[in-house]
Amino acid sequence: MAHRTERDRSRLTDAALLLATAAGFLLATWQALAPDLGAADQAAAVVNGVVISQADLARAVEAIAGDKRNPLTAADRARALDTLITEELLIQRAEQIGLLQSDRMVRSAVVDAMVQAIVSREQAAAPDEQTLRRFYDEHPLLGAEAARVQLVHAARPWPATATVTALRQGQAFESVFAPAALTPLPPGWLRMDALTTYLPGGVLQSLPGLVPGDIAGPIRIGEQAHFVWLQDKQPGQRPPFEALRDQVLVAGQARHQERAVIDTVARLRASAEIQTPS
């Protein structure tokens with residue numbers, strides 16, 4: 001019988017710690033980021049000196065309302081307050097036993113919750129039109145369509161002296177290289193930013209300086225001599241701001257949220273006393 005009781009206690013302890021962990025994430029986030037409620041805010045309860053505000057209770061009641069079809073009752077409000085009190089007791093107990101300091105999973109979850117809380121707060125502040133246009137101008141690659149090319153690529157064992165001589169004498173690229181020496185490429189126009197799938201980096205580096213009709217090579221890569229014939233080229237284009245506004249908004253908000261997290265961490269570091277071994 002004693003063994004059964006001990007097992008039941010163990011299960012209760014595990015459940016309590018899980019509840020404390022989940023509630024702790026919310027409490028830490030709220031205390032760190034929520035605005036000051038002010039002295040005029042009436043307490044719904046005080047647990048060992050810690051205030052559970054009416055605003056906290058209102059959010060808990062609202063959460064219950066979201067799961068109910070019938071109107072809220074006084075019993076629902078009492079249940080919400082009882083849940084908040086239970087959470088606060090478990091949080092305080094978790095702090096007493098050092099759960100946050102000792103459990104790596106809990107610490108990692110709290111860090112993730114804090115980052116998400118910072119991001120959520122920044123999502124509420126939509127950038128104005130001027131800020132969006134400035135972000136569009138400062139990031140010219142955002143929404144830009146890559147340049148397109150039509151080309152032929154081939155390789156021969158280095159130094160491929162006869163090939164170089166034939167090309168310099170004006171022989172046609174297709175007549176110098178047998179079909180087996182040509183790199184199979186999709187027909188038609190190829191995006192410049194997709195060529196890494198087909199061509200080595202050394203060949204790609206030669207393309208920006210070429211104009212249609214130019215042949216680059218030999219480009220030595222390992223023991224191979226590479227040649228590329230640029231047949232045609234279309235410059236990259238970028239739609240106007242109006243056409244990319246939604247994309248700019250998403251990217252701008254993401255960058256702003258990232259910056260908010262970085263700035264928050266920087267402020268915390270600046271106000272903290274940090275010592276590391278020399």
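It should be noted that the structure appears before, not after, this text.
Described in the following lines is the structure provided in the data block. Keep in mind that what you see is a predicted model, and the values were worked out from it rather than measured.

Conventions and cut-offs
- Residues numbered from 1 in each chain as written.
- Predicted model: local features only at pLDDT ≥ 70, side-chain atom pairs only at ≥ 80, totals over all residues.
- Heavy atoms only, no water.
- Phe/Tyr/Trp six-rings, centres within 6.5 Å; stacked < 30°, edge-to-face > 60°.
- Helix = DSSP H or I, 4+ residues; strand = E, 2+ residues; numbered from the N terminus.
- Buried < 20%, exposed > 50% of the residue type's maximum accessible area, 1.4 Å probe, protein only.
- Polar contact = N/O pair within 3.5 Å; in protein donor to acceptor, adjacent residues only side chain to side chain.
- Contact = heavy atoms within 4.5 Å.
- Salt bridge = Lys/Arg side-chain N within 4 Å of Asp/Glu carboxyl O.

## Things to note about the packing of aromatic side chains
Then, number 1: This model, assessed by the stated rule, comprises 4 aromatic pairs.
Then, number 2: Residues Phe177 and Phe227 carry aromatic rings whose centres are separated by 5.4 Å and whose planes lie at 55 degrees to one another, so their mutual orientation is tilted. In this pair, Phe177 is assigned in the loop between helix H8 (173-176) and strand S4 (190-191) and Phe227 in strand S6 (residues 224-234), connecting sequence segments 50 residues apart.
Then, number 3: Assessed through its relative accessible area of 1%, Phe227 is described here as buried.
Then, number 4: Site record: aromatic cluster; members linked through ring pairs are Phe173, Phe177, Phe227 and Trp229.

## What about the side chain of His153?
Then, number 1: Within the secondary structure layout, His153 lies in strand S3 (residues 148-157).
Then, number 2: For His153, a relative accessible area of 3% corresponds to the buried category.
Then, number 3: Only 2.5 Å separates the side chain of His153 from the side chain of Thr183, close enough to count as a polar contact.
Then, number 4: Those residues in contact with His153 that sit more than four places away from it in its chain are Ala181, Leu182, Thr183, Leu199, Val203, His226, Phe227 and Val228.

## Describing the pattern of salt bridges
Then, number 1: A full pass over the atoms with the stated rule returns 7 salt bridges.
Then, number 2: Between Arg133 and Glu242 there is a salt bridge whose closest N-O contact spans 2.9 Å. Note that Arg133 is positioned in helix H6 (residues 129-138) and Glu242 in helix H10 (residues 241-271), a separation of 109 residues in sequence.
Then, number 3: Assessed through its relative accessible area of 54%, Glu242 is described here as exposed.
Then, number 4: Glu223 serves as the salt-bridge partner of Arg220, at 3.3 Å between the closest nitrogen and oxygen.
Then, number 5: Look at Arg220 and you get partly exposed, because its relative accessible area is 46%.

No statement about biological role is implied by the geometric values presented.
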